[in-house]
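Overview (structure and organization)
Here is how the chains run, residue by residue.
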Amino acid sequence: MPKDSYLVGLIGSGIGPSLSPALHEREADRQGLRYLYRLIDIDALGVPPEAVGDLVRAARDLGFDGLNITHPCKQQVIRHLDALAPQAEALGAVNTVVFEEDGRAVGHNTDVTGFAASFARGLPDAPLERIVQLGAGGAGAAVAHATLTLGAERVTVVDAMPERAAALADSLSRHFGDGRTLAATPDGLADLLARADGLVHATPTGMAAHPGLPFPAELLHPGLWVAEVVYRPLETELLRSARALGCATLDGGGMAVFQAADAFRLFTGREPDSTRMLADIAELAGAVPAPK
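Predicted, not measured: the structure shown is a model, and the values here were computed from it. (Residues numbered from 1 in each chain as written. Predicted model: local features only at pLDDT ≥ 70, side-chain atom pairs only at ≥ 80, totals over all residues. Heavy atoms only, no water.)

Turning next to the pattern of salt bridges. Per the stated rule, a full pass over the model turns up 19 salt bridges. One salt bridge connects Glu283 with Arg26, and the closest N-O pair in it is separated by 3.3 Å. Residue Glu283 is found in helix α11 (residues 274–284), and its partner Arg26 is found in helix α1 (residues 20–30); the two are separated by 257 residues along the sequence. (Salt bridge = Lys/Arg side-chain N within 4 Å of Asp/Glu carboxyl O. Helix = DSSP H or I, 4+ residues; strand = E, 2+ residues; numbered from the N terminus.)

One open sheet holds the six strands; their spatial order is β2-β1-β3-β5-β6-β4, and the pairing between them is mixed. Lying at the two open borders of the sheet, with one neighbouring strand each, are β2 (34–41) and β4 (83–84). Pairing between strand β3 (residues 66–69) and strand β5 (residues 96–99): three bridges, direction antiparallel. Each residue of the ladder has a partner; that of Leu67, found in β5, is Val97. Of the strands in this sheet, β2 and β3 are in contact with α1, which crosses β2 at around 175°. Running at roughly 10° to β5, helix α10 (residues 253–268) makes contact with β1 (5–12), β2, β3, β5 and β6 (105–108) of the sheet. (Pairing = 2+ DSSP bridges. Contact = heavy atoms within 4.5 Å. Axes fitted to C-alpha atoms, helices over the stretch in contact; angles between N-to-C directions.)

Here we take up the pairing of strand β9 (residues 181–184). Summarising the sheet, strand β8 (residues 154–158) and β9 pair through four bridges and their orientation is parallel. Paired with Val155 across the strands is Thr181, a residue of β9. For the segment spanning β8, helix α7 (residues 162–176) and β9, crossover handedness is right-handed. (Right-handed = clockwise from strand over helix to strand, strands pointing away.)

The next subject is the side chain of Thr147. Along the chain, Thr147 turns up in helix α6 (residues 138–149). The buried category is assigned to Thr147, whose relative accessible area is 2%. Discounting chain neighbours no more than four positions away, the residues touching Thr147 are Phe115, Ile131, Ala152, Val155 and Val200. (Buried < 20%, exposed > 50% of the residue type's maximum accessible area, 1.4 Å probe, protein only.)

What follows covers the sheet that holds strand β11 (residues 225–228). If you trace the six strands from one edge of the open sheet to the other, you get β9-β8-β7-β10-β11-β12, paired in parallel fashion. Each edge of the sheet is formed by a strand with only one pairing partner; in this case those strands are β9 and β12 (249–250). Two strands pair when backbone bridges link them, and β11 and β12 are joined in this way by two bridges, in the parallel orientation. Following the sheet pairing, Val226 is matched in β12 by Thr249. Packing of α6 onto the sheet brings it into contact with β7 (130–134), β8, β9 and β10 (198–201), and relative to β7 it is tilted by some 170°.

Structure below.
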């Protein structure tokens, strides 16, 4: 028999502005559930990302039903889990941990499906021949996987840590085939963007705790669509600069909602209403909902 009371949380850095608690708790309220969503901020606790294993064990001991995991712990957490769902294993990144009845901590990744659903909804006609992705961390692995699944012909991954970009490109090439994923260094970003159809931004830059632009705004051009992973704020400086040029854009709100809906389903076994949750995030972030 399904439970009607849940305790879940989010582990990450600088997560005070996160809308995940409100998204989950509002949907739970509508379904008549008692649902408490706690923030576990490693900055506030004064611990490094490597402490995520201790935090996961403590949450399990305290009776949590599950956890969401965000920057910078999505890859660090893997070695502290008992099992991985196939998609999380393929990606090498976890954003959702479910504590099962037998006590096992199982890692999942709902970022892939979250980004894919948001992109299909928000940029349905975007060309997918040449895409540049900035960021090869946990979120980057997920969105690159999603973009290639959607039919991207070539994704070039750029990261400040070249070895991380190369590792992600190699992993994606093994999964999707040679030639569809390449790695590049930031000094080549200007040339790459000049020839690209679209940009996927998957670094923390632009978050409330990490304001600013990930690269000079002059590298943007009107023929480029820009998809953002950051959702708080919904309009990052990158999106504001892109829209000023007339670029088609996608904010991170849809990905946040669809990944949250998938996590809610994993935690509770109940079906969330993503349409209501999209209205929630627009209201919570003080934004006008994107056209359907």
